[in-house]
Amino acid sequence: MIQKLYTSAALPEPLDLFGQMIAQAPFALWMADREGDVFLFNEAMRSLVGIGDPDRIFGNYNIFKDPIATSQGLIPYIKRVLKGQVIQTVVMMNLSQEDFGAEGDSAPKVFYVRCLYFPLKDSRGEFEYIVTMVENITQEYLEDISLSRTAHELESANKDVIEREKRIGDLKRGLGIVVKREDFREDGRAWSVYTLVSA
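Residues numbered from 1 in each chain as written. Predicted model: local features only at pLDDT ≥ 70, side-chain atom pairs only at ≥ 80, totals over all residues. Heavy atoms only, no water.

## Brief notes about the overall build of the protein
Step number 1: A count of helices and strands for the protein gives five helices and eight strands.
Step number 2: Going residue by residue from the N terminus, the α and β elements of the protein occur as β-α-β-β-α-α-α-β-β-β-α-β-β.
Step number 3: Considering the protein as a whole, with its 199 residues, one finds that 33% of them fall into the buried category.
Step number 4: Here the contacts in the protein between residues at least 6 apart in sequence split such that 48% fall between residues at least 24 apart.
Step number 5: Summing over all exposed atoms, the protein offers an accessible surface of approximately 13300 Å²; the carbon and sulfur share of this is 53%. (Helix = DSSP H or I, 4+ residues; strand = E, 2+ residues; numbered from the N terminus. Buried < 20%, exposed > 50% of the residue type's maximum accessible area, 1.4 Å probe, protein only. Contact = heavy atoms within 4.5 Å. Areas by Shrake-Rupley, 256 points an atom, 1.4 Å probe, with all protein chains shown as cover.)

Now the structure itself:
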């Protein structure tokens with residue numbers, strides 16, 4: 001299937017092989033002018049956010065007024081791109097309130113993306129365009145969160161065990177008793193049994 005490159009009438013140069021490379025790229029990509037108006041995006045971007053009619057974007061969508069980027073404080077960073085900087089960030093996309101006109105839209109409404117913003121110069125050598133490459137990293141991001149939570153829970157459990165051992169030690173010293181400890185492990189579970197030996 002030949003994928004399309006969606007462009008506005010204001011595209012400064014005709015499409016060529018490079019344009020087709022953008023159109024068929026597996027990653028989502030869009031371009032905006034220095035005013036923030038998007039004038040180009042590829043098929044992967046269209047699928048990612050569920051765009052039906054490209055004209056809902058052209059002339060209507062401005063990255064500097066994007067509610068998601070605004071709410072997450074990204075606008076000042078994106079504007080740095082027009083000064084020659086490259087910006088990379090992770091963004092939670094919540095499109096539950098957005099409607100880009102895709103019929104039978106099955107695109108997820110909440111997901112995490114890694115965005116790479118970089119500048120393009122015009123024929124005068126001035127930074128004129130903002131290019132954004134977008135990668136859906138939802139599964140990777142959620143797995144990292146899960147691992148982080150697991151590590152935190154294990155650390156918390158370990159602290160609880162240490163505190164319990166300290167209290168038992170204090171109890172033994174205070175009462176002059178001897179306690180035998182036995183450790184058990186089974187099916188990924190671990191526990192200890194304390195038995196009074198003498199008093």
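That was the structure; now back to the text.
## Things to note about the pairing of strand S3 (residues 38-42)
Step number 1: Within S3, five of the five residues are buried, which leaves it mostly tucked inside the rest of the structure.
Step number 2: Judged from the three bridges that link them, strand S2 (residues 28-33) and S3 form a sheet pairing that is antiparallel. In the strand pairing of S3, Ala 32 is matched with Val 38.
Step number 3: Connecting S2 to the next strand, S3, in antiparallel fashion are four residues, including Gly 36 with a positive phi near 100 degrees. (Pairing = 2+ DSSP bridges.)

## Points about the pairing of strand S4 (residues 87-94)
Step number 1: Because side chains alternate across S4, one face comprises the buried residues Ile 87, Thr 89, Val 91 and Met 93, and the other comprises Gln 88, Val 90, Met 92 and Asn 94, none of which is buried.
Step number 2: In this structure, S4 lies alongside strand S5 (residues 110-121), joined through eight bridges in antiparallel fashion. When the bridges of S5 are listed, Val 90 appears paired with Arg 114.

## As for the environment of Phe 41
Step number 1: Along the chain, Phe 41 falls in strand S3.
Step number 2: For Phe 41, a relative accessible area of 1% translates into the label buried.
Step number 3: Residues Phe 41 and Pro 54, 13 residues apart in the sequence, show an inter-C-alpha distance of 8.8 Å.

## As for the side chain of Asn 62
Step number 1: Turning to its location among the elements, Asn 62 is positioned in the loop between helix H2 (43-49) and helix H3 (67-71).
Step number 2: Here the side chain of Asn 62 touches Glu 35 through a polar contact of 2.9 Å, landing on its backbone oxygen.
Step number 3: With residues up to four places along the chain from it excluded, the contact list for Asn 62 reads Glu 35, Gly 36 and Asp 37. (Polar contact = N/O pair within 3.5 Å; in protein donor to acceptor, adjacent residues only side chain to side chain.)

## Focus: the pattern of salt bridges
Step number 1: Under the defined criterion, the tally for this structure stands at five salt bridges.
Step number 2: Among the salt bridges present, the one from Glu 135 reaches Arg 114, with a minimum N-O distance of 2.9 Å. In this pair, Glu 135 is assigned in strand S6 (residues 127-136) and Arg 114 in strand S5, connecting sequence segments 21 residues apart.
Step number 3: In this structure Arg 114 comes out as partly exposed when scored by relative accessible area, which is 23%.
Step number 4: A salt bridge links Arg 124 to Glu 128; the shortest N-O distance between them is 4.0 Å.
Step number 5: Exposure remark for Arg 124: the relative accessible area of 59% places this residue in the exposed category.
Step number 6: Beyond isolated ion pairs, a larger network of salt bridges with shared partners links Arg 34, Asp 122, Arg 124, Glu 126 and Glu 128. (Salt bridge = Lys/Arg side-chain N within 4 Å of Asp/Glu carboxyl O.)

## Side note on the packing of aromatic side chains
Step number 1: Overall, the coordinates contain three aromatic pairs when judged by the stated rule.
Step number 2: Summarising the aromatic geometry, the rings of Phe 39 and Tyr 129 are spaced 5.6 Å apart at their centres and angled 70 degrees between planes, so their arrangement reads as edge-to-face. Note that Phe 39 is positioned in strand S3 and Tyr 129 in strand S6, a separation of 90 residues in sequence. Each member of the pair, Phe 39 as well as Tyr 129, is classed as buried.
Step number 3: For the pair Phe 41 and Phe 58, a centre-to-centre distance of 5.5 Å together with 35 degrees between the ring planes defines the contact as tilted. (Phe/Tyr/Trp six-rings, centres within 6.5 Å; stacked < 30°, edge-to-face > 60°.)

## Concerning helix H1 (residues 17-24)
Step number 1: For H1, the complete set of buried residues consists of Gly 19, Ile 22 and Ala 23. Buried positions in H1, seen along its axis, are confined to an arc of 100 degrees and lie on one side of it. For H1, the exposed residues lying more than 90 degrees away from the buried face are Leu 17 and Phe 18. (Arc of directions from axis to C-beta.)

All we've got here are geometric facts, nothing functional implied.
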